[in-house]
Structure formats: C-alpha cells, structure tokens
Amino acid sequence: MPAEKEPVGVIGVGWVGLVTAACFAELGHEIVARDILPEKVESLSRGEVPIYEPGLPELVEKNRERITFTTDMAEVLDRTRLLFCCVDTPPTYSGDADLSRVETVVDEIGDSTEHAIVMKSTVPVGTGRSINRRRPGIGYASNPEFLKEGSAVADFMKPDRVVIGAEQSSAAFAERVAALYEPLDGPIVHTDVASAEMVKLASNAFLATKISFINEIANVCEQVGADVTEVARGMGLDERIGPQFLRAGIGWGGSCFPKDTLALKQLAGNSGYHFQLLSAVIEVNELQKRRVVSKLQKHLGSLVGKEIALLGIAFKPNTDDIREATSLVLAARLHGEGANVRAYDPVASAHAAEHLPGTTICDSAMEAVAGADGVVIVTEWPEFRELDWSAVKDSLSTPLVVDGRNFLDRDAVAAAGLTYEGVGRS
Ligand code: UDX
C-alpha cells in the first residue's frame, strides 16, 4: 500500500499560496489553506480563482475535493503539521521588508512543538534565525519560491531546483519537506536557513543585474550603431552566460524584482555593507523606463498635447499584474511632458484605471492607436505582433512605433510605412 501523503497547511492564499496549494493537491496531498479575508475564502471555496495565472483555475477545479479553504487558523493547526507560510512581505517606506504578517503567523502557531513553518514568503536573511530564537519549539525551514508569473504552475511542477534551509534542530521537518517535492524530480539543495534565504534574494538580484546589464549594452549599441539583439544572441551562446534574461527593453518590473533588489540593498546596508553594484542595477532600471520619452521627443519634438498610445500595461505578458509595471512610470512621465496617454492591455485593462490616473483605458489596440502621434509597445503580448500594421499606419496621426521590447517584426512594421524605433537597435 502506498504511504499516506502528508497533509499540507498553506497560510496566505495569494498568488504563491494558491499555486502552492493547488500543486501540492495535484501531487495527492490534502490541503488546508487559510486566508484572513472571508470574501476570498468564500469565492475560492466556490472554485473562483481571483488571479490570472494560466492553468491555475483548472488545477484548483480538478483538486477541489482535496483543498479546504478556511479563515480558521485552528483548523490548519489541527489538521496539518507542515505550514507553508505564503503571506506577503511588501516593502516599507525605507525599502526594508514588512514582516508584520509573518510575525502574526508565528504568533498564531505559538509554542507548538508539533508544527513547522516552511517559509515561502521572501524574507530578509536572518528572519528564520530570529524566529527560531523567539520560538524554539516550532520547527522552521526556509523554502523560497522561484515561480514566474504566467508560468507558475509549470515552474512548480518542474523546478530547476528546490532549496530547503534548516538548522539541525529542524532536520527531521526539513526531510519531510523534501519528501513533498520528491515526485517532482528537481534537484533538492539542503542548506542552513540564512543561506536559503540568501539564495532567493541573490537569484533575483542576479537576474535583475543581467537585464540591467543588457539594457546598458543596448544603450551603448544605440550610440555606436550595433544591434543588441544580435549582441545578446552572440553572448548567450556562451554556456557560461546563457541566453536567458538577455532581452533588452524598457526595464524590469513586477512584484518580485523591484522589491527583492531593494530588500537586498537594504539588508546589505543595514549590515554595514554598501552594495554598490546592486544600487547601480536599480538606478539603471529607473532610467531605462524613462528613455522611451526621449525617443518619442526625438521624433515628435515637444510632447505637449501629443496623443501617445501605450500597448501593454501588465509588467510582462501572461499576467494581469501591474505592480511596478513600466507602464505606470511611463504614463506618469508622459503626463509630466504634457502628453495625453491612452493605454490598452489584453488582460490588465480591467483593473488598471485606478493606477493610471489621467490615462484613457481603451478596449482594443486599434482604439488606442486611433489618431495617436506615437505608439509604444510596453508589454510583449503576442496579439501586438499580429496587428495589421498598414491599418495602424492609416489610423495614426504620426506613423511612429517605439518598440520597448524589441518584439515586433521590424521589417514588417517598416514595410507598412511606419518609423520603427527599438531598444539598442539603431
Ligand atoms: C521573478 C523571478 O523570475 C522568479 O524566479 C521569482 O520567484 C519572482 O520574480 P516574475 O516577477 O514573474 O519572476 O517575472 P520574470 O519573468 O522573471 O520577469 C521580471 C521582469 O524582467 C519583467 O518585467 C520582464 O519584462 C523583465 N525581463 C525579463 C526583461 O526585461 N528582460 C528579460 O530578458 C527577462
């Protein structure tokens, strides 16, 4: 008879928590998933998934029998022993991570010696150690998530690696956590808690560095007449460099990179070390978001009264997430220059309006470009590549496209009679 699968508790049913709950349920575990918001728990219990993540609604629906959504922490403590902490840790005004929700979860578990917290929330290095010190009874393992929005289910089911950090006193819990991931076939890296916490922050900081690096190469390419897409291809074939995260564009955003790079910078600073490289990586990204404006000015002169169409609002395709999206910074900057801004996104439009004050949200790409003086590709949604560029040209007042993601077929756009301006491709 196969061994019974360990029940799993999930605390905080946001994006990470829901993906974790659905994927462990798919692997055959009973899940008790707790969130403090009653409306969210009610709608999830009805099978309604409140976030856009490909494959997730289907997985939740398929495993509804195995997942209990509840607001009741006592039920989680009663039915499960391994509690995956997936609450958010947003940045405070200082840039440090706000750990208040994590602290509440720890306090709710109290001094239980039967339970272990498995920390999936991204926390500063040292958090696990301080929880261990305060609550020596509770087991503790750090198990950072490396999920990408838009492919989170696939990332969970086919991990590049699973990192589990634990101290000696929690070694048995760490083994039980490792056993949960065994069917997934990814390498399991066991470390101490602080190192696991650092793997997460360092990985995101490194990826952000890679993008800021290629963005700066792109900016130099514009100066010297090289094409960054060719440069990235040539660089990426070097196995030591690799082709991923070498797409130059108008900067990185989202719920992780901005928060985690800032958190690592702060962490280093608080420990007495000035992380100079990371500070530059963050600054380069801020400047990159604004370079689009000078590209528009190069062709249009003053932007006062000009109509600019932004295609894409989400921070990347396959998500409706607009947190730290380049579109928000860009729209504000364009308003500052006196332009009128319209924006369209295939999935993020619905909830974008409140975050884009003064911007007209359109129902289609063609509506956004009608009569505009320039189009900016902000997010590389596939439907933008398929646009009828001759029709776009006829619709525009000025036939100008700034491709912030080097995503369009440049020749097709130029053949339709538009002026094409990419990133690092002069
Ligand atoms: C990221 C990490 O990849 C993931 O491991 C972690 O768990 C959470 O943070 P995510 O925020 O979903 O995931 O987005 P990702 O696909 O990594 O892209 C981040 C940003 O970088 C996006 O704004 C994207 O447009 C940008 N990007 C990515 C580039 O500009 N160029 C690239 O080559 C790759």
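Note that the coordinates shown come from a computational prediction; the quantities given were computed from them, not determined experimentally. All residue numbers refer to position in the chain's written sequence, counted from 1. Whole-chain, interface and lining totals are the exception, using all residues; otherwise, since this is a predicted model, local features are given only for residues with pLDDT of at least 70 and side-chain atom pairs are given and counted only at 80 or more. To obtain the side-chain values, all non-hydrogen atoms of the structure were included, while hydrogens and water were left out.

Some remarks on the site of the ligand
Okay, step 1: Taken together, 18 residues sit near the ligand, with Leu147, Glu149, Arg247, Cys256 and Lys316 positioned nearest.
Okay, step 2: Between an oxygen atom of the ligand and a main-chain N or O atom of Leu246, the distance comes to 3.4 Å.
Okay, step 3: A distance of 3.3 Å is found between an oxygen atom of the ligand and a backbone nitrogen or oxygen belonging to Phe315.
Okay, step 4: By the criteria applied, helices consist of DSSP H or I runs no shorter than four residues and strands consist of E runs no shorter than two, each listed in order from the N terminus. Counting residues per element, the shell around the ligand draws most heavily on helix H9 (residues 193-224), which supplies 3 residues.
Okay, step 5: Its residues assigned to classes, the shell around the ligand comprises 9 nonpolar, 2 polar and 7 charged. The cutoff for a nearby residue is simple: one of its non-hydrogen atoms must lie within 4 Å of the molecule or strand. Distance and chemistry together define a polar contact, namely a pair of N or O atoms within 3.5 Å, with one atom able to donate a hydrogen and the other to accept it when in protein, and with adjacent residues in sequence counting only for side-chain atoms on both sides. Only Asp, Glu, Lys and Arg are considered charged, only Ala, Val, Leu, Ile, Met, Phe, Trp, Tyr, Cys and Pro nonpolar, and every remaining residue, Gly among them, polar.

Points about helix H6 (residues 127-134)
Okay, step 1: Burial in H6 covers these residues: Thr127, Gly128, Ile131 and Asn132. Taken end-on, H6 shows its buried residues confined to a sector of 135°, consistent with a single buried face.
Okay, step 2: Note on contacts: a residue pair qualifies if any of its non-hydrogen atoms lie within 4.5 Å across the two residues. Looking at the buried side of H6, the elements it contacts are helix H5 (100-109), strand E5 (116-119), strand E6 (139-142) and H9. Each residue is assigned to one of three classes by its accessible area relative to the maximum for its type, calculated with a 1.4 Å probe on protein chains only: buried under 20%, partly exposed between the two thresholds, exposed over 50%. As used here, the arc belongs to the directions running from the helix axis to the C-beta atoms.

Overview of the packing of H9 against helix H10 (residues 228-236)
Okay, step 1: At a minimum axis distance of 9 Å, the contact between H9 and H10 shows a crossing angle of 135°. By the angle between their axes, H9 is oblique relative to H10. Judged by the sense of rotation from one axis to the other, the crossing of H9 with H10 is right-handed. Contact residues: Phe213, Ile214, Ile217, Ala218 and Cys221 in H9; Val228, Val231, Ala232 and Met235 in H10.
Okay, step 2: Here the contact of H9 with H10 is built from residues that sort into 9 nonpolar, no polar and no charged. Helix axes use the C-alpha atoms of the stretch in contact, all axes being lines fitted to C-alpha atoms, and the angles between their N-to-C directions lie in the range 0 to 180 degrees. Here is the rule for angles: anything less than 35 degrees is roughly parallel, anything more than 145 is roughly antiparallel, 65 through 115 is roughly perpendicular, and the remaining ranges are oblique. Working rule for handedness: look at the near helix, and if it is turned counterclockwise from the far one by less than a right angle, call the crossing left-handed; if clockwise, right-handed.

Quick notes on unusual backbone geometry
Okay, step 1: A positive phi is found at Phe245, a non-glycine position, where the angle reads about 60°.
Okay, step 2: Tracing the sequence through the fold places Phe245 in the loop between H10 and helix H11 (257-270).
Okay, step 3: Judged by relative accessible area, Phe245 falls into the partly exposed class, the value being 24%.
Okay, step 4: Of note, the phi angle at Asn406 is positive, near 50°, even though the residue is not glycine.
Okay, step 5: Its location among the elements puts Asn406 in the loop between strand E13 (400-403) and helix H18 (410-415).
Okay, step 6: Accessibility expressed as a relative area gives 15% for Asn406, which makes it buried.

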